[in-house]
Amino acid sequence: MLDINHIAKTFNPGTITEKTALVDVDLHLNEGDFVTVIGGNGAGKSTMLNAVAGVFQVDKGSIQIGGVDVTGLPEYKRAKYLGRVFQDPMTGTAATMNIEENMALAMRRGEKRGLRWGINAMERDMYREQLRTLGLGLEDRMTSKVGLLSGGQRQALTLLMATLRTPKLLLLDEHTAALDPKTAAKVLELSARIIEERHLTAMMITHNMKDAIAMGNRLIMMNEGRIVVDVAGEQKKRLTRQDLMGLFEKAAGQQLDGDKLLLS
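Presented here is a report on the structure given in the accompanying data block. Computed from a prediction, not measured in an experiment: that's the story for all the values here.

## Some details on the overall build of the protein chain
Step number 1: The secondary structure content of the protein chain amounts to 10 helices and 10 strands.
Step number 2: By the compact-globule yardstick of 18 Å for 264 residues, the protein chain fits well, its C-alpha radius of gyration being 19 Å.
Step number 3: Across its three principal directions, the C-alpha atoms of the protein chain cover 60 × 40 × 35 Å.
Step number 4: When the 264 residues of the protein chain are sorted by exposure, 48% land in the buried category.
Step number 5: Residue pairs at least 24 apart in sequence account for 64% of intrachain contacts in the protein chain once pairs closer than 6 positions are excluded.
Step number 6: If you sum the accessible surface of the protein chain, you get close to 12700 Å²; carbon and sulfur atoms cover 50% of it.
Step number 7: The centroid of the 34 positive side-chain charges in the protein chain is displaced by 4 Å from the centroid of its 32 negative side-chain charges.

## Some points on the packing of helix H5 (residues 151-163) against helix H6 (residues 181-197)
Step number 1: Packing of H5 against H6 leaves a shortest axis separation of 10 Å and a crossing angle of 15 degrees. The orientation of H5 relative to H6 falls into the category roughly parallel. Considering only the axes of H5 and H6, their crossing is right-handed. Judged by residue contacts, Gly-152, Gln-155, Ala-156, Leu-159 and Thr-163 of H5 engage Thr-183, Val-187, Leu-190, Ser-191 and Ile-194 from H6.
Step number 2: The class makeup of the residues in the contact of H5 with H6 is five nonpolar, five polar and no charged.

## Focus: the environment of Asp-180
Step number 1: Relative to the elements of secondary structure, Asp-180 occurs in the loop between strand S7 (169-173) and H6.
Step number 2: Polar contacts involving the side chain of Asp-180 include one to the main-chain amide nitrogen of Lys-182, which spans 3.2 Å.
Step number 3: Engagement of the side chain of Asp-180 in a polar contact is seen with the side chain of Thr-183, the distance being 2.7 Å.

## Points about the pattern of salt bridges
Step number 1: Applying the stated criterion across every chain, the model contains nine salt bridges.
Step number 2: Arg-84 is the partner of Asp-173 in a salt bridge, and the nearest nitrogen-oxygen pair spans 3.4 Å. With Asp-173 in strand S7 and Arg-84 in strand S6 (residues 82-85), this residue pair connects regions lying 89 residues apart in the sequence.
Step number 3: We note a salt bridge from Glu-234 to Lys-237, for which the minimum N-O separation is 3.4 Å. Placement of the pair is Glu-234 and Lys-237 together in helix H8 (residues 233-237), with a separation of three residues, close to one helical turn.
Step number 4: Residue class for Lys-237 comes out exposed when judged on its relative accessible area of 67%.

## Things to note about unusual backbone geometry
Step number 1: For His-6, which is not a glycine, the phi torsion comes out positive at approximately 50 degrees.
Step number 2: Within the element layout of this structure, His-6 appears in strand S1 (residues 2-11).
Step number 3: Residue Asn-12 is not a glycine yet carries a positive backbone phi of 50 degrees.
Step number 4: Following the sequence through the fold, Asn-12 ends up in the loop between S1 and strand S2 (19-29).
Step number 5: When its relative accessible area of 44% is taken as the criterion, Asn-12 is described as partly exposed.

## Topic: the pairing of S7
Step number 1: For S7, a buried count of five out of five residues is recorded, marking the element as mostly surrounded by other parts of the structure.
Step number 2: Burial along S7 is two-sided: the residues Leu-169, Leu-171 and Asp-173 and Leu-170 and Leu-172 are all buried.
Step number 3: Pairing between S6 and S7: four bridges, direction parallel. Following the sheet pairing, Gly-83 is matched in S7 by Leu-170.
Step number 4: Here S7 pairs with strand S8 (residues 202-205) via four bridges, running parallel.

Rules and cut-offs
- Residues numbered from 1 in each chain as written.
- Predicted model: local features only at pLDDT ≥ 70, side-chain atom pairs only at ≥ 80, totals over all residues.
- Heavy atoms only, no water.
- Helix = DSSP H or I, 4+ residues; strand = E, 2+ residues; numbered from the N terminus.
- Rg over C-alpha atoms; globule rule 2.2 N^0.38 Å.
- Buried < 20%, exposed > 50% of the residue type's maximum accessible area, 1.4 Å probe, protein only.
- Contact = heavy atoms within 4.5 Å.
- Areas by Shrake-Rupley, 256 points an atom, 1.4 Å probe, with all protein chains shown as cover.
- Lys, Arg positive; Asp, Glu negative; His and termini not counted.
- Charge placed at Lys NZ, Arg CZ, Asp CG, Glu CD.
- Axes fitted to C-alpha atoms, helices over the stretch in contact; angles between N-to-C directions.
- Parallel < 35°, antiparallel > 145°, perpendicular 65-115°, else oblique.
- Left-handed = near helix turned anticlockwise from the far one by under 90°.
- Nonpolar A, V, L, I, M, F, W, Y, C, P; charged D, E, K, R; others polar.
- Polar contact = N/O pair within 3.5 Å; in protein donor to acceptor, adjacent residues only side chain to side chain.
- Salt bridge = Lys/Arg side-chain N within 4 Å of Asp/Glu carboxyl O.
- Pairing = 2+ DSSP bridges.

Printed below as a string of structure tokens:
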């Protein structure tokens, strides 16, 4: 479903602010894989996700989504293949528009826009049923402005919007990092349920070792722009925090001071 073939990216080459962000990253996700990605600040997690999303062009290598080579496509042309939930709950929705209008925008993602934009009764009923699955009462607030929602409600709505059209790939970019622990747990629970029920292929970036171990069927750890650990299946099911730290030390060749490097 996702093929990242030996991509590399350096920002500001030839200047004093040159930064090598990705070094020969090679990653292949099968349909239905739910992969968690962990690593410290600057490890390359978000850069890899942004490369897939088309936020910038890679320096070399290629990216395929569902068998389609998207390497040269700009971000807006990749939208029809992707769903994405950002770290900031204020991103991914239009605050001044109401809930049903936001959902209509998500439903039309990747389509040509005409002059007729109205929401018909059938669509409204579908949005209401989809909102009901969140268990947050938003189905009774469809005309409320999204800017009035709490961070958790907004992030749950963004998650729903990102999966309305069943994307080829769902990208979760530290999507619970800005939430309080109770709300974050609720959004993670919703994420896991939606991914399982809709048989989605997903990649979740996180700083939380516990979440990285508990969620998904595969775990990837990055360091200095490279993938240094890749565990899946039964090995991941048995994985502990100490195991993960040991795998990192062996692969990266550096000693960890507790888990500070991974959680920084």
